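One letter stands for each residue in the lines below.
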Amino acid sequence: MSIIKQMDSKLANMIAAGEVVDRPASVIKELVENSIDAKASIISIEVMDMGMQSIIVTDNGEGMDFSDAHLAFNRHATSKIKDESDLNHIYTLGFRGEALAAISAVSKVILRTRQENQEGIQVEYHGSHLVYEGSATLNKGTVVEVKELFFNTPARFKYIKSDYAERAAIIDIFDRLALANPDIRFSLKMDDKMVKETYGTNDFYNLIDQIYGSKMTKDMTVFEETVQKIKMTGYLLSPQIARSRKKDISIFVNGRYIKNYRLIQAVIDGYHSYMMVGKYPIALIHMEMDPSLLDVNVHPQKYEVKFVNESMLSYHIETMIKDALNKKVHQIPEAINRIRKDQDEKYVYQSLQFGEELIQENNEDNKDNDIQKLPDLDFVGVFSGTYLLFQNEDGLYMMDQHAAAERIRYEHYYHSLANPNQSVKNLLMPRSLDLTKEDIEVISKHMKSFESYGFIFDENYDLTGLPIWMLDTEVDLGIETMGSMLAEKNKIDLAVLRDSLAKDISCKGAIKANKSLNQNEINKIVKDLKQCKNPYTCPHGRPTIIKLSHYDVERMFKRVV
Ligand SMILES: Nc1ncnc2c1ncn2[C@@H]1O[C@H](COP(=O)(O)OP(=O)(O)OP(=O)(O)O)[C@@H](O)[C@H]1O
Ligand SMILES: [Mg+2]
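It should be emphasised that the depicted structure is a prediction, and the values quoted were computed from it without experimental measurement.

Go over the overall build of the chain, please, and point to the residues and values.
Within the chain one finds 16 helices and 24 strands. Every one of the 561 residues in the chain was classed for burial, and the buried ones make up 49%. Carbon and sulfur atoms provide 50% of the accessible area of the chain, an area that totals close to 28600 Å². Side chains of the chain give 69 positive and 82 negative charges; the mean places of these two sets differ by 2 Å.

What follows is the structure in structure tokens.
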């Protein structure tokens, strides 16, 4: 007896709904994406009880006619693609024709819509059933109201997390949609309270401040470059605004927010020498490319996309961020951060801390674009055997001698490694190294790579030549770093090698904390640090020097208020 039966469309829709809408935030995403595809310039979102009671999305887009307003609820019904070839160049956010079918399978949906110069229409679906159709009065555009989400799928209903988690997910989706569309005015109300809004003026400074908080874009670095017909624009917030989570790194492709591990890692790597371990930046990367270069049809929620050349993209993102941040000379961090409580109140002291998520107040003497290398400093003394103290007319400076030495050595090596095969220093006597069997295996396999960096071995694996920029005492370390990279990755990624070799060598060989230095050595540190492109952080992102301004000191002694 045969037992297989064709599902009816209602059941099929409910099953498919699980993939597209798993929580209130994903309903919001689908509805807003439809509004964006309908060319709306104003989109408002109103949510009651974290979306479980109702979600209303209102837009001023093109609207639908009578038959489309019904067809829209059918599974696999879409106005956005027509045939197979359209799948290769998708210009809209939606194309699968399933979002409204899925949402209406698991909730009660009221759709009201009106096209320019037409009558308004209202249709209502409860769990995929049409329960009402009629006319409606509204402005041009569409209003979709979703009530009692998951009322007929108790298992899903139970799965919904805490209010807090749903609220966070809704705000998160809102942020990405708004950041992806600087030309659209968005607003989000939750339980009748305005939570966030943007102005749709195409101004990223304004937009980012609206989303992340005022003054966040102070010291923001912006880059724009076109590589192989892909336009990339980066909005890099100051490394001083460090987060403990990666979530605030957003990647957009053709206006679509995507999740891509490699590209996010590229952003983190680009920021690397400016960030402390375990801290992540806030950054947006917008890419515009021919839609045929990517496949968005990977997952129903469309967060994943496949690129034709992901490695190339991640390489460029990392390098562009590095270059952009290096070009911008950052300022010496102030020992005392001030935050503003509100517009009227005077500055508030926030205790002596550095590198927390505080917004540094605009200091009137520091003009934003002032290229500020290390100023002239007079040596005052040493504190705790590690911190060199200096002063000048602006205040008191504390320099971490180890961090400073690391920065100096890092830039020296990073620079030398840019042109690795320039010259080789030949050794009169071959020098034997302490090599294990594994080391020898790696070296013999990658002899050419080693040679291109200036490490020349003879047949006994003794060294007969070394790179001219490398000190004799650092040879073992250099070979070890290169060897372990080759053993691990089987190839040399020049960008990564430069960075990691420079970091490794610079850290291990740098002047240690607690080593006492003579005046000549101290003068040399200051002189060398002045030559650095980025003198203010060590290669691991910690500060090399901190300033306590004259004003701060006077305030501490209550000479000024
Ligand atoms: N806010 C809106 N304004 C105008 N038309 C809309 C709106 N929302 C939906 N539509 C119409 O309804 C159709 C179905 O929407 P639905 O979201 O179900 O599918 P889609 O957007 O085509 O694809 P996807 O499932 O990938 O989102 C759309 O193709 C569009 O024509
Ligand atoms: Mg859609």
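And the narrative resumes.
If you had to explain the site of ligand 1 to someone new, which residues and values would you point to?
Around ligand 1, the surrounding shell holds 21 residues, and the nearest of these are Asn 34, Thr 78, Ser 79, Lys 80 and Glu 98. At a separation of 2.5 Å, an oxygen atom of ligand 1 approaches a polar side-chain atom of Ser 79. Backbone polar atom of Arg 96 to an oxygen atom of ligand 1: 2.8 Å apart, as the coordinates give it. In isolation ligand 1 exposes 600 Å². Once the protein is present, 94% of that is buried. Taken together, the elements giving at least two residues each to the shell around ligand 1 come down to helix H2 (24-37) and helix H4 (99-105). For the shell around ligand 1, the per-class residue count stands at seven nonpolar, eight polar and six charged.

Can you tell me about the environment of Lys 279, naming the residues and giving the values?
Within the element layout of this structure, Lys 279 appears in the loop between helix H8 (261-271) and strand E13 (283-288). On the basis of relative accessibility, which here comes to 21%, the residue Lys 279 falls in the partly exposed class. Taking the C-alpha atoms as reference points, Lys 279 and Arg 245, 34 residues apart in sequence, are found 7.0 Å from one another. Contacts of Lys 279, omitting those with residues within four sequence positions, involve Ala 242, Arg 243 and Ser 244.

How would you summarise the domain arrangement of the chain if you had to cite specific residues and measurements?
With domains assigned, the chain is organised as domain 1 (9-202), domain 2 (205-327) and domain 3 (366-561). Taken over C-alpha atoms, the centre of domain 1 sits 27 Å from the centre of domain 2. On the side of domain 2, 24 residues touch domain 1, which itself brings 30 residues to the contact. Of the roughly 2400 Å² buried at the junction of domain 1 and domain 2 (both faces included), carbon and sulfur atoms supply 57%. The largest contributions to the domain 1 side of the interface with domain 2 come from Arg 96, Arg 176 and Leu 179, which together make up 30% of the buried area. Our count for the contact surface shared by domain 1 and domain 2 stands at two salt bridges.

Procedures and definitions
Residues numbered from 1 in each chain as written. Chains lettered and ligands numbered in written order. Predicted model: local features only at pLDDT ≥ 70, side-chain atom pairs only at ≥ 80, totals over all residues. Heavy atoms only, no water. Helix = DSSP H or I, 4+ residues; strand = E, 2+ residues; numbered from the N terminus. Buried < 20%, exposed > 50% of the residue type's maximum accessible area, 1.4 Å probe, protein only. Areas by Shrake-Rupley, 256 points an atom, 1.4 Å probe, with all protein chains shown as cover. Lys, Arg positive; Asp, Glu negative; His and termini not counted. Charge placed at Lys NZ, Arg CZ, Asp CG, Glu CD. Near = heavy atom within 4 Å. Polar contact = N/O pair within 3.5 Å; in protein donor to acceptor, adjacent residues only side chain to side chain. Nonpolar A, V, L, I, M, F, W, Y, C, P; charged D, E, K, R; others polar. Contact = heavy atoms within 4.5 Å. Domains from an automatic or database assignment. Buried area = accessible area lost by both parts, 1.4 Å probe. Salt bridge = Lys/Arg side-chain N within 4 Å of Asp/Glu carboxyl O.

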